[in-house]
Amino acid sequence: LVAREVSAPMLAEFPVGKLKAIVSIQGSNNSHAAILARAMGVPAVMGLGGVPLSMLNDQELFVDGYSGQVVLAPEQQARNEFIQLILEEEALNERIESESDQPAKSVDGCEMTLLVNVGLSAGLEMEQNKQGAGVGLYRTEIPFMLRERFPSEQEQFELYHSLLSAHPNKEMTMRTLDVGGDKPLSYFPISEENPFLGWRGIRLTLDHPEIFLIQVRAMLRASIGLTNLQILLPMVSSISEIDEANRLIKQAFYEVKEDAIKNNKVLFKPAIGVMLEVPAVIFQLELIAKKVDFFSVGTNDLTQYLLAVDRNNSRVAQLYSSYHPSVLIALNQIFQTSNLCNIPVTVCGELAGEPSGALILMAMGYRKLSMNAHSLR
Ligand code: PEP
Ligand code: MG
């Protein structure tokens, strides 16, 4: 797939296994489209810049997602070298697959809980998840993006129930709708000058409590008789948002519980968590810890907002780094405070799925990482 701009909804429409590689002239490595490409295990170069699209037409391309290079119609020798690299990559993948049942334990005995990020097709992604891990982040906005209208409560119920009931002993963390920014809904257009600082995540759903309530009711109904649902709130920047979200969840809980009791069924209270991805919350962690059950660190947005670098803008992509000292100091501080507050904390941003990122997070003390199925193997 070669396009001027590859968006997340566009990618999500391709059946799994249909794409060999992705090249996008605009965008960046940290966009949601890039995250989806990684989850699909498809090599992608995003934000190629300055190349006319027509130049890539009908050409053989070698796409190196590791280095971010696209090689156009290479000479025979370069071609042979690329083919050799592809074979080596396949052999490495096979070796990794054969070791995927090993415990997630370091040589010095440090045990990690590894979870998977899903959203594209949660059932299928769980099948590909050979480690059999629970879900640390279900991006529920992706099934919304794949439709032409808001899914009804019943449609959402069926989607969530199939996942929760298929894995009753594994934690399933479902994030409430996080649209806005580079995750648009075709049937709910938002036009803003500054979408990443605009109407995203919890801001939008609290302004439209009917959307939030329908989704939470669907999640709760789907969890009747089960104990594995956890609800995660995206893009929180202030305590009042948590209070309001908690109030709405409580309302939905009592409504659904009444129905459950009438049918002689039990509804368990789900754990409620907050995404730590807007820097403001880092300074109020103690207070927030008293209001929720767990934290999940979104390093993708945390990096974007701490460094004031648009995660989707190829022009400033070289400034976007989750290894920037300020991001690492923030991550360390988050772990220390969470530990003092005795509140569980997971990292679910892309950093958790990078080998060096995972190592740094482990060294800080984090013991729960959630990543795409491809990185998890
Ligand atoms: C994050 O921001 O790190 C995150 C996990 O959420 P998303 O990438 O969906 O914004
Ligand atoms: Mg985010």
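None of these values were measured; they are calculated from a predicted model.

1. Observations concerning the coordination of the magnesium ion (ligand 2)
By definition of the ideal shapes, four donors in a tetrahedron about a metal sit 109.5 degrees apart, and six donors in an octahedron sit 90 or 180 degrees apart.
Move 1: Donor atoms from the polypeptide that coordinate the magnesium ion (ligand 2) comprise Glu277 (OE) and Asp301 (OD), at 2.0 to 2.1 Å from the metal. In this pair, Glu277 sits in the loop between strand S10 (271–276) and helix H10 (285–289) while Asp301 sits in helix H11 (residues 299–307), placing the two residues 24 residues apart along the sequence.
Move 2: For Glu277, a relative accessible area of 2% corresponds to the buried category.
Move 3: The class of Asp301 is buried, set by a relative accessible area of 3%.

2. Here's the deal with the state of the cysteines
Move 1: Enumeration according to the criterion identifies 0 disulfides in this entry.
Move 2: Free cysteine Cys110: the closest other cysteine sulfur is in Cys348, separated by 19 Å.
Move 3: The structure places no disulfide on Cys348, whose sulfur is separated from the nearest cysteine sulfur, that of Cys341, by 19 Å.

3. Concerning the packing of H11 against helix H12 (residues 325–340)
Move 1: Relative to each other, H11 and H12 sit at 125°, their axes nearing to 10 Å. Accordingly, the angle class assigned to the pair H11 and H12 is oblique. Judged by the twist between their axes, the crossing of H11 over H12 is right-handed. Of the residues in H12, those touching H11 at Thr299, Leu302, Thr303, Leu306 and Leu307 are Ser326, Val327, Ala330, Leu331 and Ile334.
Move 2: A breakdown of the residues in the contact of H11 with H12 according to their chemical character gives 7 nonpolar, 3 polar and no charged.

4. Concerning unusual backbone geometry
The phi angle of most residues is negative, glycine excepted, and most peptide bonds adopt the trans form.
Move 1: Although it is not a glycine, Ala73 adopts a positive phi angle of roughly 35°.
Move 2: Locating Ala73 in the fold gives a position in the loop between strand S5 (69–72) and helix H3 (76–98).
Move 3: Residue class for Ala73 comes out partly exposed when judged on its relative accessible area of 44%.
Move 4: Here the phi dihedral of Asn264 falls at roughly 60°; this positive angle occurs in a residue that is not glycine.
Move 5: Using a relative accessible area of 74% as the deciding quantity, one classes Asn264 as exposed.

5. With respect to the pattern of salt bridges
Move 1: Taken as a whole and assessed by the stated rule, the structure comprises 19 salt bridges.
Move 2: Of the charged contacts, one joins Glu350 and Arg38 as a salt bridge, the two residues approaching to 2.6 Å between their closest N and O atoms. Placement of the pair is Glu350 in the loop between strand S12 (345–347) and helix H13 (355–364) and Arg38 in helix H2 (residues 32–40), with a sequence separation of 312 residues.
Move 3: Among the residues examined, Glu350 registers a relative accessible area of 11% and is labelled buried.
Move 4: Note that Glu99 and Arg95 form a salt bridge whose closest N and O atoms lie 3.7 Å from each other.
Move 5: One salt-bridge network, held together by shared partners, links Glu141, Arg175, Asp178, Lys183, Arg200, Asp301 and Arg311.

6. A word on the nonpolar core
Move 1: In this structure, Leu331 and Tyr366 are the most contacted members of the largest nonpolar core, which totals 99 residues.
Move 2: At 9 residues, helix H9 (residues 239–262) tops the list of elements feeding residues into this core.
Move 3: When near neighbours in sequence (up to four residues on either side) are disregarded, Leu331 contacts Val297, Thr299, Leu302, Leu351, Leu361, Met364 and Tyr366.

7. A look at the site of ligand 1
Move 1: Around ligand 1 sit 17 residues in total, of which Arg139, Arg175, Gly298, Asn300 and Asp301 are the nearest.
Move 2: A distance of 3.1 Å separates an oxygen atom of ligand 1 from a polar atom in the side chain of Lys183.
Move 3: With respect to ligand 1, the backbone of Gly298 contributes an N or O atom lying 3.3 Å from an oxygen atom.
Move 4: Burial of ligand 1 by the surrounding chains reaches 100%, relative to a free accessible area of 290 Å².
Move 5: At the level of secondary structure, the elements contributing two or more residues to the shell around ligand 1 comprise H2, strand S7 (135–139) and H11.
Move 6: Here the shell around ligand 1 is composed, by residue class, of 4 nonpolar, 5 polar and 8 charged.

8. A look at the pairing of strand S8 (residues 172–175)
Move 1: Taking every second residue as pointing to the same face, both faces of S8 are buried, with Met172 and Met174 on one and Thr173 and Arg175 on the other.
Move 2: Alignment of S7 against S8, held across 3 bridges, turns out to be parallel. Among the inter-strand pairings, Val135 is bridged to a residue of S8, identified as Met172.
Move 3: Here S8 pairs with strand S9 (residues 229–233) via 4 bridges, running parallel. Counted as the bridge partner of Met174 is Ile231 from S9.

9. Brief notes about the environment of Tyr323
Move 1: Along the polypeptide, Tyr323 turns up in the loop between H11 and H12.
Move 2: On a C-alpha basis, the gap between Tyr323 and Leu351 in space is 8.7 Å, while along the polypeptide they are 28 residues apart.
Move 3: Once residues within four sequence positions are removed from consideration, Tyr323 is found in contact with Leu328, Leu351, Glu354, Ser356, Gly357 and Ile360.

Thresholds, definitions, all that
- Residues numbered from 1 in each chain as written.
- Chains lettered and ligands numbered in written order.
- Predicted model: local features only at pLDDT ≥ 70, side-chain atom pairs only at ≥ 80, totals over all residues.
- Heavy atoms only, no water.
- Donors = N, O, S within 2.8 Å, 3.2 Å for Na, K, Ca; no water.
- Helix = DSSP H or I, 4+ residues; strand = E, 2+ residues; numbered from the N terminus.
- Buried < 20%, exposed > 50% of the residue type's maximum accessible area, 1.4 Å probe, protein only.
- Disulfide = S-S within 2.5 Å.
- Axes fitted to C-alpha atoms, helices over the stretch in contact; angles between N-to-C directions.
- Parallel < 35°, antiparallel > 145°, perpendicular 65-115°, else oblique.
- Left-handed = near helix turned anticlockwise from the far one by under 90°.
- Contact = heavy atoms within 4.5 Å.
- Nonpolar A, V, L, I, M, F, W, Y, C, P; charged D, E, K, R; others polar.
- Salt bridge = Lys/Arg side-chain N within 4 Å of Asp/Glu carboxyl O.
- Core = buried A, V, L, I, M, F, W, Y, C linked by side-chain atoms within 4.5 Å.
- Near = heavy atom within 4 Å.
- Polar contact = N/O pair within 3.5 Å; in protein donor to acceptor, adjacent residues only side chain to side chain.
- Areas by Shrake-Rupley, 256 points an atom, 1.4 Å probe, with all protein chains shown as cover.
- Pairing = 2+ DSSP bridges.

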